[in-house]
Amino acid sequence: MSVEARLDAVIDAALGSRIVGCVVLVRRDGQPVYARAAGLADREGGRAMREDAIFRLASVTKPIVAAATLRMADLGLITLDDPVTDYLPYFAPASPDGVVRPILVRHLLTHTSGLSYDVGPDISDGLSGPLISLEENLRRLAAHPLLFAPGTGWEYGWSIDVLGGVIAAINGSDLAGAVARYVTGPLGMTDTLFGVADEARLAAAYADDRPPRLMGEPEKVGDEAEGYTVFSPARIFQPDAPQSGGAGMAGTAGDVMRLIEALRTGDFLRPETRAAALANQIGTIALRGKDAGKRFGYLGAVTVDPAAAQTALPVGAVDWSGAWGHNWAIDPASGTSVVVCTNTAFEGCNGPFREEV
């Protein structure tokens, strides 16, 4: 059976019962081998999914901000060993022992800063939270102690939000201005913004259920055992929300493909920067849970042991997800790039659909 037929079967089996709609794109050696928009962008409105549908990106924002940082490093505007306090003097959270140790830019890129998402509701995480400035958001975050001394562990969390503050400060603008200057502008990612380029193309947001349920405002998704995530579908329309480098953008699957193809090949980054970005940068420090067979580069997780990671991805593949219902992967060895955008959380992010695709 061809790749196209197998992907069609996976998508068709999930539509309606597990996801409402999706856009799936696959390229190999820069050439499109699969592109499909399937299901509904808005089930209640009867609006079909389109390939140019706009999605709330959640953590797919992170590689955009990381790419801007790497591009700025290539241009000599920043180094990965710069302390965060060089740019944000107020951002100096203490380690668990009370000692303030420097957080470096590379700690933010690799999520080895000691920052986590386990903080109070007074901080905005890009999915929901108070409407305050980015600086105020980061000042509140800096008041919380780190989980561990920078560089001594791995924890997914606020690192890229802080990185967004760093590159905005260097650019002398808000984060949107820095991202537009160094990534979305040069790569022609015209629909990727801290806002919505065309509301008529925005996909509605759905939560896991059988069938998926339309999200309310706000909506709690998850369970007591794994914990809940609070989503605010209206967040993308609130210009006074802090621009979250970790979760605050919206865009299309096509724009995301432009980004990951530029990170896989071409001259967007220097060859040595690109190679480092797609390689393990955390040594033997393991990710937790079902991702234990993965490490982390500058853009996403790097598979080192597919069995331990419970993934069909090969050794050396780089991937990550976005909580609104997305995932992406790059396999440098085969020259393959995959982007999957759905409008269903969490199934499209880390449910069975991800591995099936």
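Residues numbered from 1 in each chain as written. Predicted model: local features only at pLDDT ≥ 70, side-chain atom pairs only at ≥ 80, totals over all residues. Heavy atoms only, no water.

Peer 1: In this structure, what is going on with the overall build of the protein chain? I would like to understand it.
Peer 2: Within the protein chain, the regular secondary structure consists of eleven helices and 15 strands. The C-alpha atoms of the protein chain give 19 Å as radius of gyration, which agrees with the globular expectation for 357 residues (21 Å, within 12%). For the protein chain, the spread of C-alpha atoms along the three principal axes comes to 55 × 45 × 40 Å. Buried residues in the protein chain amount to 55% of all 357 residues. For the protein chain, the share of sequence-separated contacts (at least 6 apart) that also reach a separation of at least 24 residues comes to 65%. When the 30 basic and 43 acidic side-chain charges of the protein chain are each reduced to a single mean position, those positions are 3 Å apart. (Helix = DSSP H or I, 4+ residues; strand = E, 2+ residues; numbered from the N terminus. Rg over C-alpha atoms; globule rule 2.2 N^0.38 Å. Buried < 20%, exposed > 50% of the residue type's maximum accessible area, 1.4 Å probe, protein only. Contact = heavy atoms within 4.5 Å. Lys, Arg positive; Asp, Glu negative; His and termini not counted. Charge placed at Lys NZ, Arg CZ, Asp CG, Glu CD.)

Peer 1: Just to check I follow, could you spell out the pairing of strand β12 (residues 318-322) for this structure?
Peer 2: Successive residues of a regular strand alternate their side chains across the two faces of the sheet. Most of β12 sits inside the fold, with five of its five residues counted as buried. Neither face of β12 is exposed, since V318, W320 and G322 on one face and D319 and S321 on the opposite face are all buried. With two bridges joining them, strand β11 (residues 301-303) and β12 adopt antiparallel strand pairing. Counterpart to A301 in the pairing with β12 is D319. Summarising the sheet, β12 and strand β13 (residues 326-331) pair through five bridges and their orientation is antiparallel. Of the residues in β13, the one forming a bridge with D319 is A329. (Pairing = 2+ DSSP bridges.)

Peer 1: Just to check I follow, could you spell out the pattern of salt bridges for this structure?
Peer 2: Two side chains with opposite charge may pair up if their charged atoms get near one another. Enumeration according to the criterion identifies 20 salt bridges in this entry. The residue R101 makes a salt bridge to D97 at a minimum N-O spacing of 2.8 Å. Take D97: its relative accessible area is 48%, and that puts it in the partly exposed class. With its nearest N and O atoms 2.8 Å apart, the salt bridge here joins E136 to R140. Separated by four residues within a single helix, E136 and R140 lie in helix α4 (residues 134-142), roughly one turn from each other. With relative accessibility at 25%, the residue R140 sits in the partly exposed group. (Salt bridge = Lys/Arg side-chain N within 4 Å of Asp/Glu carboxyl O.)

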